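# Examination of the molecular architecture
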Amino acid sequence: MQALVMTGPSRGSDLTEVGDMPVPEPGEGEVSVDVSHAGVNFIDVMARRGEPGYVTAWPFVPGKEVTGTVRRVGPGVSGLVPGQRVAALTPSGGLAEVAVAPAAVTVPLPDDVPSSLAAAAPLMLTSALLLLTDAARLGAGESVLVHSASGGVGSAVARLVPALGGGRLIGTVGRADKVQAARSAGYDTVVVRDEGMGAAIRAAAPEGVDVVLDPLGVELLELDLEVTGPGGRIVLFGNAGGGEASPLPPHPRLMRGNVGIVGFSASALTAGAPHRIARGLSRVLDLIAEGLLDVPVTVIDSLAGVPDVHQLLADGRGSGKYVVRIA
Ligand SMILES: NC(=O)c1ccc[n+]([C@@H]2O[C@H](COP(=O)([O-])OP(=O)(O)OC[C@H]3O[C@@H](n4cnc5c(N)ncnc54)[C@H](OP(=O)(O)O)[C@@H]3O)[C@@H](O)[C@H]2O)c1
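Quick caveat, the model's predicted, so the values are computed rather than measured. (Residues numbered from 1 in each chain as written. Predicted model: local features only at pLDDT ≥ 70, side-chain atom pairs only at ≥ 80, totals over all residues. Heavy atoms only, no water.)

## Digging into the pattern of salt bridges
Inspection of every chain in the model, using the stated rule, returns 12 salt bridges. Two residues, aspartate 34 and arginine 71, come together in a salt bridge whose shortest N-O distance is 2.8 Å. Within this pair, whereas aspartate 34 is found in strand β3 (residues 30–40), its partner arginine 71 is found in strand β4 (residues 65–73), the two being separated by 37 residues in sequence. Here arginine 71 falls in the partly exposed class, since its relative accessible area comes to 35%. Aspartate 134 is the partner of arginine 276 in a salt bridge, and the nearest nitrogen-oxygen pair spans 2.8 Å. With a gap of 142 residues between them, arginine 276 in helix α10 (residues 274–289) and aspartate 134 in helix α3 (residues 121–135) connect regions that are remote in the sequence. Residue classification places aspartate 134 among the partly exposed positions, given a relative accessible area of 22%. A single salt-bridge network, built from bridges that share partners, covers Asp134, Arg276 and Arg279. (Salt bridge = Lys/Arg side-chain N within 4 Å of Asp/Glu carboxyl O. Helix = DSSP H or I, 4+ residues; strand = E, 2+ residues; numbered from the N terminus. Buried < 20%, exposed > 50% of the residue type's maximum accessible area, 1.4 Å probe, protein only.)

Right, dumping it as structure tokens:
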């Protein structure tokens, strides 16, 4: 089968190519999927950089989310049958003609949800939903601050907050040329991350924001704490810059602010509580089917176009969500 293969760690796309790989077979509790569409994610770039924990071995086939039809079911799987349309969160290997996923995070795809849009659901939309619900416990009318607002997850959050009854949306972006994309995604206020950022956020939410979604490691944690109001929750869910893990602030700092810091990892949830991922994935697919959620996606025609998209994401030049058509 054809797959996107990374042959070693690199900051560029020089070691990524479309190549032939053996068709993977499902093991116990797994299904294989004939992939129709696959989502492209920043996590693929983290794997390409060779960051610890993202690559099991080289050559490596990246890809965390797919739609398609069930090809084969492994031992112990019930409720899924060959030929059934599904969406699945793959541990890796999604950017390929055939991918294997745990059955526990593979859900039926409603008939009226397009495969191309649904390919943005298993990782991106599900993470955006669970960040707001399970992790941040978003309440009615609460304000939300999101860093890297114009990217995939940032755009998805902007669509979900109104659907969940949330309030004011504030986004930050790394460069002025991303402001318009974040505004189009639905942010009420967009702030470029420069020295005026704290003042601009405080002006937009004078009583403090209720929820902060932060994928930038702990780089901005002190600012997050400053702009969060009493009872607020800060969710840490990424490390885009790839910096070293740093300690969290001492507990008196959290007590003084009356704030909480929460972590979120879709991969860790898949390992420890896959039903939460499956429930989130089914819910976003239902919201799409009911016409309550729509996220613009840029569809790439073939796997050969993916290395360029990875480079766009690596350079921080991506906008919104990218999905590749495979079959
Ligand atoms: N924990 C989880 O389960 C989970 C699930 C999905 C995604 N994530 C994380 O959420 C973030 C967004 O994911 P996405 O797929 O939607 O990607 P994305 O937003 O399209 O791309 C990542 C964004 O990170 C920002 N960035 C900051 N430092 C960067 C650096 N050194 N190199 C490149 N970009 C940098 C850039 O935006 P600005 O310049 O505007 O900041 C860039 O556009 C990523 O960090 C990803 O790892 C985590």
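Structure's up, so let's keep going.
## So, the UniProt feature "domain: Enoyl reductase (ER)" (unreviewed entry) in the protein
Mapped onto this structure's residue numbering, the UniProt feature "domain: Enoyl reductase (ER)" (unreviewed entry) falls at residues 12–324. Summarising residues 12–324: 32% helix, 25% strand, and an end-to-end C-alpha distance of 19 Å. (UniProt positions renumbered as here; feature names shortened; annotations may be inferred.)

## Examining the packing of α3 against α10
Running from N to C, α3 and α10 point in directions that differ by 100°, and their axes come no closer than 9 Å. The orientation of α3 relative to α10 falls into the category roughly perpendicular. In contact with Ala121, Pro122, Leu125, Thr126, Leu129, Leu130, Thr133 and Asp134 of α3, α10 contributes Arg276, Ile277, Arg279, Gly280, Leu281, Arg283, Val284, Leu285 and Ile288. Residues that form the contact of α3 with α10 fall into these classes: 10 nonpolar, three polar and four charged. (Axes fitted to C-alpha atoms, helices over the stretch in contact; angles between N-to-C directions. Parallel < 35°, antiparallel > 145°, perpendicular 65-115°, else oblique. Contact = heavy atoms within 4.5 Å. Nonpolar A, V, L, I, M, F, W, Y, C, P; charged D, E, K, R; others polar.)

## Here's the deal with the domain arrangement of the protein
Segmentation of the protein into domains returns domain 1 (2–120 + 296–325) and domain 2 (125–266). Taking only C-alpha atoms into account, the centre of domain 1 sits 27 Å from that of domain 2. Opposite the 12 residues of domain 1 that make contact, domain 2 presents 13 residues. Each partner contributes to the roughly 810 Å² buried at the junction of domain 1 and domain 2, and carbon and sulfur atoms together form 48% of this total. Counting the surface domain 1 buries against domain 2, the share from its top three residues, Ala120, Gly316 and Gly320, is 35%. (Domains from an automatic or database assignment. Buried area = accessible area lost by both parts, 1.4 Å probe.)

## Thoughts on the packing of aromatic side chains
For the structure shown, the criterion picks out one aromatic pair. Judged by centre distance (6.3 Å) and plane angle (75°), the rings of tryptophan 58 and phenylalanine 60 are edge-to-face. Classification of tryptophan 58 by relative accessible area gives partly exposed; the value is 32%. (Phe/Tyr/Trp six-rings, centres within 6.5 Å; stacked < 30°, edge-to-face > 60°.)

## Side note on unusual backbone geometry
If a residue is not glycine, its phi is most likely negative; likewise, a peptide bond is most likely trans. Omega for the bond connecting tryptophan 58 with proline 59 falls within 30 degrees of zero, at -5°, which places this linkage in the cis form. With respect to the element layout, proline 59 can be found in the loop between α1 (42–48) and β4. Phi is positive for arginine 137, which is not a glycine, with a value near 50°. Within the secondary structure layout, arginine 137 lies in the loop between α3 and β8 (144–147). Positive phi values are uncommon outside glycine, yet serine 148 reaches one of about 60°. By the element assignment, serine 148 lies in the loop between β8 and α4 (152–163).

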